Structure formats: structure tokens, C-alpha cells
Amino acid sequence: MPAIRNLILVLGDQLTPTLTSLAGGDPVRDRVLMAELGDEAGYVRHHRKKIAFLFSAMRHFAAELRGLGWTVDYVTLDDPDNRGSFTEALGAAIARLRPARVVVTEAGEWRVRQMQESWAARFSLPVDILPDERFLCSPASFAAWAAGRKQLRMEYFYRDMRRRTGLLMDGDEPAGGRWNFDAENRKPAKADLFMPRPRGVAPDAITREVLALVEARFGNHFGDLEPFWFAVTRADAEAAFAAFVETALPKFGDYQDAMLAGEPFLYHAVIAPYLNCGLLDPLAVCRQVEAEWRAGRVPLNAAEGFIRQIIGWREYVRGIYWLKMPGYERSNFLGHARPLPGFYWTGETAMACVRAAVTQTKEQAYAHHIQRLMITGNFALLAGIDPHELHEWYLAVYADAYEWVELPNTVGMSQFADGGLLASKPYAASGAYIDRMSDYCDGCAYDVKQRTGPRACPFNALYWDFISRHRDKIGRNPRMAQMVRTYDKFPDAERARIADSAAAFLAGL
Ligand code: FAD
Ligand code: DLZ
Ligand code: SF4
């Protein structure tokens, strides 16, 4: 047998055949290593559906690579020699195969990147760490953009990305004469018989085997394993995206901020699990969406809204992550320390909006952005939940969650724990916002119109209590200063009732 030249370790979120580590390799002389790892499944206790999704997608990707001529050493979770960590899996493979060098594409998470950087010394072998070119903006390029700016506003980064990619550009000008159509994207939705559904896939034999493995090994993790309908191959992920483009994209913009009881997906794409593990390519999906608009099949506010999420928000939060790690994960500007309430795991609360968001999270490993930001995130912000505990919750419960994308969204956007680096103001809202954007309040035990008292919507007293508690820290923002002034105009007795209602509710958590 010829000597192995490069041992290429492919991580679970690197399921892309054009990955830099594979693109420079040679299927005849090199060997690919992939491993299902107890440490990766357990560093936070990931949702069982997420683990099953990733293991099945990894197994299908190994088959895809074999089809392309690669030899893949694939270590399953139940392999008796599996010791559970990237470092041990790599060490065992090096001992077995004696490669001349190790090649990896840089890990998405700081934690794993530290491991990668330790391997050359540990194994006395050259280790090439190649850039991850599936992203459109490298950490270095983001740092250059950020250097010298007082505020790192997503909107300006996004405009640069539009210019760089040429997406939705007419020469030097944004298509339609505006960069951003967000103001048109705030319609509340109505229940509709023709509501689109994400395209699901029945589990094949590989997925069924993984489901049995996850059932046996991760019984104590959160979340329902079945029904399992995620795509686990590139072809099925592409078909799911095509179905979204056809059935939901035209209304994606209009209803981006809407929420409806019993409608977990609305007009969202449900593609983040596929993008983040490498089954879909971010630039390719944006080009497809632009083509739909140019062909007159979707309105500009939908195409622009979608493309902004990907080349704007997705790239921007990754840039912030690498700019601020390590340390960002411990941000706690508002000094919040309350433990995460148990209903984040059970859904057992009388608050209909929180119950709906948590229940569908348990069932689907999915909630859309406004549920994450304005229901579970907003509640935690108002209630003063420890942002690190909340971060671990978000990282565990969603099929699309990886620290590089989850952490800035949680700590920065949703909890204002970085002091406003990412968000211009805290995403804090009372029940009135939830009532305007959803139909949850119609079926709730609480009354959204009442501010205080036992039947009042808890978001109301908690909102005003939050404004009062943090007036010194948030009052510099003009929009928050306005809320502080409103609070100050409440009669003394009303302010006392707000404090009492908030305290009584929090004491009962
Ligand atoms: P759509 O609404 O259809 O949007 C299309 C795509 O745009 C998404 O698939 C995603 O790739 C991208 N996108 C949209 N918003 C964002 C955003 N704010 N940041 C980054 N990408 C975005 N997204 C993750 O991918 N992983 C996470 O772990 C994650 N954690 C979050 C935690 C909190 C507290 C919040 C407020 C948001 C989080 N998001 C996360 C962002 C967003 O909620 C999800 O990307 C989105 O809900 C995924 O569903 P979708 O594919 O249907 O998205
Ligand atoms: C999230 C995850 C899980 C649950 N399991 C594995 C695994 O068994 N093997 C693997 O290679 N990757 C897994 N991952 C993804 C890794 O955690 C991911 O590659 C890092 O988070 C990226 O830095
Ligand atoms: Fe949520 Fe308050 Fe509406 Fe109930 S009344 S659904 S708690 S916002």
C-alpha cells in the first residue's frame, strides 16, 4: 500500500466537497478522516434531532466523498476504539496511517480552532490549517473593515458586501435605488390554508440507524427525535431550498417579523442547518434568489431581505465572533445573573408565546428569528437571565446552532450583553409588540392590555422594570431615553405597582 501523504480531517460542519482541505488534496495519495464524537455531542447537551441530523449528514457526506474516489476513515460513535474527542481521533488515525502531514480547514469555533493549533506540537507533524472559503468575508478582512470604526453597524458592512459580491447591484447603485427594504417587511401574518411548509425527507436506512443510535446514547438530552424530516444530503438540501424559493420566498420579506400560533415556519427558509454544516453554499443560494427577482418571480423586498440575512447578518456575526473571541462568551454588560427558568426546557408556562416557542423548539429543533429574538430572547433580557446560561441553551437547542453564529446573536443582538457593540439598542419589548406581530395573546391566560396585577401579561411589568433598572446603562440611546422619560411620567403609585408586579413574577420563576 502506498504511504499516505496527507491525512485530511473533515469536521462535522465541513460537509462540502470543495472545502479547502479537500480541494488541494489527492484522493489517491491522501486519506480523509471523519469522526462522530461524544465530546462534540456533549460539550453542551445538543438537541437529539440536531445530533441525528449531523451524524446522518456526516455519514451521507462520507458516502459522497467515496463516490468521488476518496478513501474515508469514518469513526462511528459506537466504534469501540472511539475515545470521543477530535484530538484522540486524530492521534489514533496518525498512529494507524502514519501520514506525512495533517491538513484541516479552520474550525468554525474558537474552542476547536485551539485544538487544531495544538496538534503540530502534540503529534510532531506539520499541520496545515487552511482558510474556510465558504464564507464571503474572512476574519482578517472583517477586522480590517472594523479597524478604526467607533460603531460596527451591520448596515454599512452589508453595503460593502453587496458591492463586493455584486449581488442586487445595478452598476455602482443598489437595485431599486435603495439598499434596504426592511420598513416594508413588518406585516403581521394571518392564518392561511396555503401556508407553505418546508420540504421534508423521509428517513432512509442510514438515518434510521443514526436515529436508533441517538435514541440509545442520548436519552438524557433535550428534544424530540421524531418526526425526523431534515434533508441529510446535498441533493435533498438543494431540493428543500428550491421548494422554499417556489413557495415561500415571494412573501419572505413581508412576513419576516410575523409570528403565528401553530405555524412554526411561516415563510422562512429553514435552511440554516444546511448552510451551517456545508450542504448549501451561501453565495449560490443568494445568486439563485437574485435570479428569481431578475426573472420577475419574486419582489425586490423579498430578495433583498433574504440576501441581507446571508451576506449581511450571517457574515457580520461571524466577523464579530472572531474579532471578539476569546472573552466574548463571558460578556455581561447588564450584570444579569438569574438562572434560566425550567420552562425553557419543558415549555410549561402560562405565557402562550413562550410556551409556543419552546414547544416547537423541543419538537423541531427550530424556531424562526423573531421567536428567538422577541420571545425567548426578549423574555430572558427583561427577566435578567444570566447571558452565559442562555447562550448555552441556544447553542444546544437549535439544529443550526454553532457558536460562531449563535453567540453574537445571543450575547450581542438579543441580550445587549456586549454593551451595544452589535445592536444599536436592546431588543426589549412589552406585550404590545408581541400582540401586534402575532396571534399568541388571543389564546393566553394573561391579559396583554394589563400592565400590572396577577393577570397582567408578564412582559409588561418586566419591560418597565427593565427600563427603570437599567436607565443609566441604556438611557444614552435616544430611543431608550424616550422610554425612560415615559416611565418617569408614570405616577409614583403606578411605578410602585410595576416594581411589585415584576418582583412577584420573578420570585415565582
Ligand atoms: P430565514 O429567516 O429563512 O433566513 C435565511 C437565512 O439567513 C438563515 O438560514 C441564516 O443563514 C441567515 N440569517 C438570518 N438571520 C441571521 C442572523 N441574525 N444571524 C446569522 N444568520 C442569519 N442562526 C444560526 O444559523 N445559528 C444559530 O445558532 C442562531 N442562533 C440565534 C440565537 C438568537 C438568540 C437569535 C436572535 C438568532 C439566532 N440565529 C441563529 C439567527 C436566526 O434566528 C436563524 O439564522 C434563523 O432563524 C434560521 O432559520 P431560517 O433558515 O428559516 O432563516
Ligand atoms: C456539533 C457537532 C456534533 C454534535 N457532533 C460532531 C461530531 O461528532 N463530529 C464532528 O466532527 N463534529 C461535530 N459537531 C460539529 C463540531 O462541533 C464543529 O465542527 C465545530 O463546532 C466547529 O468548530
Ligand atoms: Fe405572551 Fe403576554 Fe401575549 Fe401572553 S399576553 S402571549 S405572555 S405577550
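**Student:** Please explain the sheet that holds strand 1 (residues 6-9) as it appears in this structure.
**Tutor:** Across a sheet, paired strands are connected by hydrogen bonds in the backbone, their directions being either parallel or antiparallel. Read across the sheet, 5 strands follow the order 3-2-1-4-5 without closing on themselves; strand pairing throughout is parallel. Among the strands making up the open sheet, the edge pair consists of strand 3 (72-75) and strand 5 (127-130). Neighbour-to-neighbour, the strand axes of the sheet open up by a mean angle of 20 degrees, direction not taken into account. Bridging between strand 2 (residues 31-35) and strand 3 involves 4 bridges; their strand directions are parallel. Residue V32 lies in a different strand from strand 3, and its bridge partner there is V72. Packing against the sheet, helix 3 (residues 48-67) makes contact with strand 2 and strand 3, and its axis sits at approximately 165 degrees to strand 3. Each of strand 1, strand 4 (101-105) and strand 5 is contacted by helix 5 (residues 110-123), which is oriented at about 150 degrees to strand 5, the strand it contacts most.

**Student:** Looking at this structure, I do not really get the site of ligand 3. What am I missing?
**Tutor:** In the neighbourhood of ligand 3, the contacting residues comprise M351, A352, C353, G431, I434, Y440, C441, C444, Y446, V448, C457 and F459. Counting only elements with at least two residues in the shell around ligand 3, the list comes to helix 15 (352-364) and helix 19 (431-437). Counted by class, the shell around ligand 3 contains 11 nonpolar, 1 polar and no charged residues.

**Student:** I keep staring at the site of ligand 2 and nothing clicks. Help me out?
**Tutor:** In the region of ligand 2, 18 residues are neighbours, and G12, D13, A35, L37 and E40 sit closest. Contact distances for ligand 2 include 2.6 Å between an oxygen atom and a backbone N or O atom of L37. Isolated, ligand 2 exposes 490 Å² of accessible area, and the fraction of that covered by the protein chains is 100%. Elements with a contribution of two residues or more to the shell around ligand 2: helix 2 (38-42), helix 3 and helix 5.

**Student:** Can you walk me through the pattern of salt bridges in this structure?
**Tutor:** When their charged atoms lie close together, side chains carrying opposite charge are able to pair. Under the definition given, this model contains 32 salt bridges. For K362, the salt bridge is made with D224, and the minimal N-O distance between the two is 3.4 Å. One end of the pair, K362, is in helix 15; the other, D224, is in the loop between helix 8 (205-217) and helix 9 (234-247), and 138 residues separate them in sequence. Overall, K362 belongs to the partly exposed group, its relative accessible area being 30%. For R308, the salt bridge goes to E304, with nearest N and O atoms at 2.9 Å. Remark: E304 and R308 occur in helix 13 (residues 300-324); sequence separation between them is 4 residues, near one turn of the helix. Residue class for R308 comes out buried when judged on its relative accessible area of 3%. Residues joined in a network through salt bridges with shared partners are E106, R113, E117 and R318.

**Student:** Which parts of the structure should I look at to understand unusual backbone geometry?
**Tutor:** Backbone phi values are negative for most residues with the exception of glycine, while trans is the configuration of most peptide bonds. That bond from E226 to P227 is cis: its omega, 5 degrees, falls within 30 degrees of zero. Looking at the secondary structure, you find P227 in the loop between helix 8 and helix 9. For the bond from M325 to P326, the omega torsion is -5 degrees, close enough to zero to count as cis. Examined against the element boundaries, P326 turns out to sit in the loop between helix 13 and helix 14 (343-346). Even without a glycine there, the phi angle at L168 is positive, about 50 degrees. Within the secondary structure, L168 is located in the loop between helix 7 (154-165) and strand 6 (169-170). Backbone geometry places A365, a non-glycine residue, at a positive phi of 55 degrees.

**Student:** Quick question: what am I supposed to make of the domain arrangement of the protein here?
**Tutor:** Many descriptions give the size of an interface as the accessible area lost when the pieces come together. Domain annotation of the protein identifies domain 1 (4-130), domain 2 (139-196 + 248-324) and domain 3 (343-507). Averaged C-alpha coordinates put domain 2 and domain 3 at centres separated by 24 Å. With 28 residues of domain 2 at the contact, the number on the domain 3 side is 28 residues. Summed over both sides, the interface between domain 2 and domain 3 buries roughly 2500 Å², with carbon and sulfur atoms accounting for 69% of that surface. The tally of links from domain 2 across to domain 3 stands at 0 salt bridges. Our enumeration of links across domain 2 and domain 3 arrives at 5 residue pairs in polar contact (both at pLDDT 80 or more). Breaking the side of domain 2 that touches domain 3 down by element, the ones donating at least two residues are helix 11 (272-277) and helix 13. Ranked by residues supplied to the side of domain 2 that touches domain 3, first place goes to helix 13 with 8 residues. In terms of residue class, the side of domain 2 that touches domain 3 is built from 18 nonpolar, 3 polar and 7 charged.

**Student:** Quick question: what am I supposed to make of the packing of helix 20 (residues 458-469) against helix 22 (residues 478-489) here?
**Tutor:** Packed helices, taken two at a time, are described by the angle between their axes plus the distance between the axes. At a minimum axis distance of 10 Å, the contact between helix 20 and helix 22 shows a crossing angle of 105 degrees. Between helix 20 and helix 22, the angle is such that the two are roughly perpendicular. Along its contact with helix 20, which presents Y463, W464, I467 and S468, the element helix 22 presents M480, M483, V484, T486 and Y487. Residues that form the contact of helix 20 with helix 22 fall into these classes: 7 nonpolar, 2 polar and no charged.

**Student:** Would you mind going over the pairing of strand 5 with me for this structure?
**Tutor:** Residues in a regular strand project their side chains so that they alternate between the two faces of the sheet. The pairing of strand 4 with strand 5 spans 4 bridges and is parallel. In the sheet register, V102 faces strand 5, and the bridge partner there is V127. As for the winding sense of the linkage, the β-α-β connection from strand 4 through helix 5 to strand 5 is right-handed.

**Student:** Which parts of the structure should I look at to understand the environment of A350?
**Tutor:** Positionally, A350 belongs in the loop between helix 14 and helix 15. Through-space distance from the C-alpha of A350 to that of F379 is 13 Å; in sequence the pair is 29 residues apart. The contacts of A350, once residues within four sequence positions are left out, are R355, C444, A445 and Y446.

**Student:** Just checking my understanding: could you explain the nonpolar core for this structure?
**Tutor:** Most often, soluble globular proteins have nonpolar side chains that are buried together. Among the nonpolar cores identified, the biggest contains 161 residues, and M34, Y274, F306 and Y316 are the most heavily contacted of them. Sort the elements by how many residues they give to this core and helix 13 lands first, with 11 residues. Ignoring sequence-local partners within four residues, the contact set of F306 consists of F241, F244, L249, F252, A269, I271, V285 and V289. With 22 residues, the next largest nonpolar core counts L9, L11, V104 and V127 among its residues.

About the criteria used
- Residues numbered from 1 in each chain as written.
- Chains lettered and ligands numbered in written order.
- Predicted model: local features only at pLDDT ≥ 70, side-chain atom pairs only at ≥ 80, totals over all residues.
- Heavy atoms only, no water.
- Pairing = 2+ DSSP bridges.
- Helix = DSSP H or I, 4+ residues; strand = E, 2+ residues; numbered from the N terminus.
- Axes fitted to C-alpha atoms, helices over the stretch in contact; angles between N-to-C directions.
- Contact = heavy atoms within 4.5 Å.
- Near = heavy atom within 4 Å.
- Nonpolar A, V, L, I, M, F, W, Y, C, P; charged D, E, K, R; others polar.
- Polar contact = N/O pair within 3.5 Å; in protein donor to acceptor, adjacent residues only side chain to side chain.
- Areas by Shrake-Rupley, 256 points an atom, 1.4 Å probe, with all protein chains shown as cover.
- Salt bridge = Lys/Arg side-chain N within 4 Å of Asp/Glu carboxyl O.
- Buried < 20%, exposed > 50% of the residue type's maximum accessible area, 1.4 Å probe, protein only.
- Domains from an automatic or database assignment.
- Buried area = accessible area lost by both parts, 1.4 Å probe.
- Parallel < 35°, antiparallel > 145°, perpendicular 65-115°, else oblique.
- Right-handed = clockwise from strand over helix to strand, strands pointing away.
- Core = buried A, V, L, I, M, F, W, Y, C linked by side-chain atoms within 4.5 Å.

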